[in-house]
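Fold and geometry: a report
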Amino acid sequence: LSALKVKCESEGNMRAGKLTIAGGDGCGKTTLASRLVQLTQKATGKLNGEAGRISGDSLNSKDLNAIISKVKGGSLMIEKAGGMNHNTSISLSLLIENDKSGTLFILEDSRKNLDRLAAGTPKLWKYFTQHIEIPQMTLDELVNFAKVYVLECGYSMEDMGILALYDRIGIM
């Protein structure tokens, strides 16, 4: 957040400092991106344009100029960004290069797909200088995380509570 805040406050056009969020399906990439946009808006008073969200595959068949003009000065989250074809990626990089409104672009996908996009379109990738990786945690790691959190809050957990936690997380 601090890096995004600095970019918003120091530059009018924010050409660099675009954001990628990598993680598995259902790990909260879109929720994180939305919250980061909201927090950046509150912290800087910028990104006041519309917020848009579209998949990389859908973007291939849309008018990119029209989409960018709708979110001008706001943010655009591109989910499953690895689904963008080469022409869309090149067009997006040109639009980012010429963007004077400070629009925040966020690419979301798995690490593997983002790496493939970076290798295929280095011109686009150079604008994305902020990266967040959401790790895939095992059941044991999640339970241990919860146990540490409970202890930090000054509480303790009984064995039955730990078993219930395993059961509940397993259902999710």
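Our subject is the structure that appears above.
Here the structure is a predicted model, which is why all the values come from computation and not from measurement. (Residues numbered from 1 in each chain as written. Predicted model: local features only at pLDDT ≥ 70, side-chain atom pairs only at ≥ 80, totals over all residues. Heavy atoms only, no water.)

**Topic: the overall build of the chain**
Each helix and strand in the chain was counted, giving 9 helices and 5 strands. Counted from the first residue to the last, the chain has its helices and strands arranged as α-β-α-β-α-α-β-α-β-α-α-β-α-α. The C-alpha extent of the chain, read off along each of the three principal axes, is 60 × 35 × 25 Å. Looking at the chain as a whole, 38% of its 172 residues are labelled buried. Contacts in the chain between residues at least 24 apart in sequence constitute 74% of all its contacts with a sequence separation of at least 6. Counting 21 positive and 19 negative side-chain charges, the chain places the averaged centre of each group 9 Å from the other. (Helix = DSSP H or I, 4+ residues; strand = E, 2+ residues; numbered from the N terminus. Buried < 20%, exposed > 50% of the residue type's maximum accessible area, 1.4 Å probe, protein only. Contact = heavy atoms within 4.5 Å. Lys, Arg positive; Asp, Glu negative; His and termini not counted. Charge placed at Lys NZ, Arg CZ, Asp CG, Glu CD.)

**Some points on the environment of Leu76**
Mapping Leu76 onto the fold places it in strand S3 (residues 75-79). Put simply, Leu76 and Met137 are 61 residues apart on the chain and 28 Å apart in space, counted from C-alpha to C-alpha. When residues no more than four places from it in sequence are discounted, the contact partners of Leu76 are Gly52, Arg53, Ile54, Ile67, Ile68, Val71, Leu104, Phe105 and Ile106.

**Thoughts on the environment of Tyr155**
Along the chain, Tyr155 falls in the loop between helix H8 (139-152) and helix H9 (159-171). In sequence terms Tyr155 and Arg53 are 102 residues apart; their C-alpha atoms lie 40 Å from each other.

**Points about the pattern of salt bridges**
Tallied over the full model, the rule gives 5 salt bridges. Between Arg53 and Glu79 there is a salt bridge, with the nearest N and O atoms lying 3.6 Å from each other. Remark: Glu79 occurs in strand S3 and Arg53 occurs in strand S2 (residues 51-55); sequence separation between them is 26 residues. Among the residues examined, Arg53 registers a relative accessible area of 55% and is labelled exposed. (Salt bridge = Lys/Arg side-chain N within 4 Å of Asp/Glu carboxyl O.)

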